[in-house]
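Coordinate analysis (summary)
The chain contents come next:
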Amino acid sequence: MKTRTRFVTAILAVLVAIAVLFFPLPRRIEFDTRIVTVASIQRPPSVVFDYVTTPAHWPLWHPSSLAVSGSVDHSLDVGEQVTEEFRVAGRRGRVVWTVAARVRPSKWVIAGKIDGRSAGTVTYSLTSTVSGTRFERDFTYRAPSLWFAILNWSVLRARIQSESDTAVLQLKNLVEASPQQ
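In short, a report on the structure. All figures in this text were calculated on a predicted structure; none of them were measured in a lab.

Analysis parameters
Residues numbered from 1 in each chain as written. Predicted model: local features only at pLDDT ≥ 70, side-chain atom pairs only at ≥ 80, totals over all residues. Heavy atoms only, no water. Helix = DSSP H or I, 4+ residues; strand = E, 2+ residues; numbered from the N terminus. Buried < 20%, exposed > 50% of the residue type's maximum accessible area, 1.4 Å probe, protein only. Areas by Shrake-Rupley, 256 points an atom, 1.4 Å probe, with all protein chains shown as cover. Pairing = 2+ DSSP bridges. Axes fitted to C-alpha atoms, helices over the stretch in contact; angles between N-to-C directions. Contact = heavy atoms within 4.5 Å. Core = buried A, V, L, I, M, F, W, Y, C linked by side-chain atoms within 4.5 Å. Phe/Tyr/Trp six-rings, centres within 6.5 Å; stacked < 30°, edge-to-face > 60°. Polar contact = N/O pair within 3.5 Å; in protein donor to acceptor, adjacent residues only side chain to side chain. Lys, Arg positive; Asp, Glu negative; His and termini not counted. Salt bridge = Lys/Arg side-chain N within 4 Å of Asp/Glu carboxyl O.

Quick word on the overall build of the protein
Broken down by element type, the protein carries four helices and seven strands. Ordered by position from N to C terminus, the α and β elements of the protein give α-β-α-α-β-β-β-β-β-β-α. By residue count, 36% of the 181 residues in the protein fall in the buried class. Accessible area for the protein stands at about 10,500 Å²; split by element, carbon and sulfur atoms hold 60% of it.

Focus: the sheet that holds strand E3 (residues 81-88)
Strands sit in the order E1-E7-E6-E5-E4-E3-E2 across an open sheet of seven strands; the sheet is antiparallel. The open sheet terminates on both sides in strands that have one partner only, identified here as strand E1 (31-41) and strand E2 (65-70). On average, each strand axis in the sheet is inclined to that of its neighbour by 25°, with strand direction left out of account. Of the strands in this sheet, E1, strand E4 (91-103), strand E5 (107-114), strand E6 (117-129) and strand E7 (132-143) touch helix H2 (residues 45-52), which is tilted by about 160° from E6. Sheet strands touched by helix H4 (residues 146-177): E1, E3 and E7. Its angle to E1, the strand with the most contacts, is close to 15°.

Considering unusual backbone geometry
Between Arg104 and Pro105 the backbone carries a cis peptide bond, its omega angle lying at 5°. Along the polypeptide, Pro105 turns up in the loop between E4 and E5. Of note, Asp115 is a non-glycine position whose phi angle comes to about 50°, a positive value. Among the secondary structure elements, Asp115 is positioned in the loop between E5 and E6.

Some details on the nonpolar core
Inside soluble globular proteins, nonpolar side chains tend to come together where they are buried. Core analysis: the biggest nonpolar cluster contains 34 residues, and Trp58, Trp61, Trp97, Trp108, Tyr124, Phe135 and Leu171 have the highest contact counts within it. At six residues, H4 tops the list of elements feeding residues into this core. The residues touching Leu171, leaving out its near neighbours within four places in the chain, are Ile41, Tyr51, Val52, Trp61 and Phe135.

A look at the environment of Arg91
With respect to the helices, strands and loops of the structure, Arg91 is situated in strand E4. A residue is classified by how much of its surface remains accessible, and Arg91, at 48% relative accessible area, is partly exposed. A sequence separation of 65 residues divides Arg91 from Leu156, and the C-alpha atoms of the two residues are 9.9 Å apart. Not counting residues up to four positions away in its chain, the partners in contact with Arg91 are Phe86 and Ile114.

Points about the packing of aromatic side chains
Tallying each qualifying case throughout the model produces five aromatic pairs. Measuring from ring centre to ring centre gives 5.1 Å for Phe139 and Tyr141, while their planes differ by 35°; the resulting arrangement is tilted. As far as the burial class goes, Phe139 and Tyr141 line up, both buried. An aromatic cluster is built from Trp58, Trp61, Trp108, Tyr124 and Phe135, whose rings are joined through pairwise contacts.

Some points on the side chain of Glu136
Tracing the backbone through its elements, the reader meets Glu136 in strand E7. Since its relative accessible area comes to 18%, Glu136 is described here as buried. A polar contact is formed between the side chain of Glu136 and the side chain of Arg134, at a distance of 3.0 Å. Residue contacts for Glu136: discarding those within four places in its chain leaves Val36, Thr37, Val38, Thr123, Tyr124 and Ser125.

Observations regarding the side chain of Glu84
Among the structural elements, Glu84 can be located in strand E3. An unpaired buried charge is present at Glu84: no salt bridge exists, and Arg137, the closest side chain of opposite charge, is 7.0 Å distant. Side-chain polar atoms of Glu84 contact the side chain of Trp97, separated by 2.7 Å. Excluding its chain neighbours within four sequence positions, the residues that come into contact with Glu84 are Trp58, Ser65, Ala67, Val68, Gly93, Arg94, Val95 and Trp97.

In structure tokens:
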């Protein structure tokens, strides 16, 4: 009888552990992550803004952006959407981005959804400087479960930061290499 009780207790403990790790966190205790990358780009803010907000350019400068479809050939306005095939920190997927805010040439915000669930937001903030533009890319995403929060803390965040750093450096190089407008 004791063996059976211990077995049932162990099974219940495993089930509780699984529930704690994998079930969605209550909204009030979810963990947000911000990945911020900044570059000084020697081009006017309007040039940088138009380039970075045109989805057809994303696969050229962002290593996580594999392909884009939909409205990709122009700088997107509020409410417009684009679908992006991505590989972030080794994970492949498809996200639908919707433009949530646009103040040309200083701010642009897109909100992503994967399978109808929030996938985070990306905000581009551009400030005019003496030498061109201070470009800031802010990617914010939420850990939907304790398991994801642990994985994010231990592995994902650093990989995503590295990919974002590479992306913004490549953006800087591409925009600065293009002919002056």
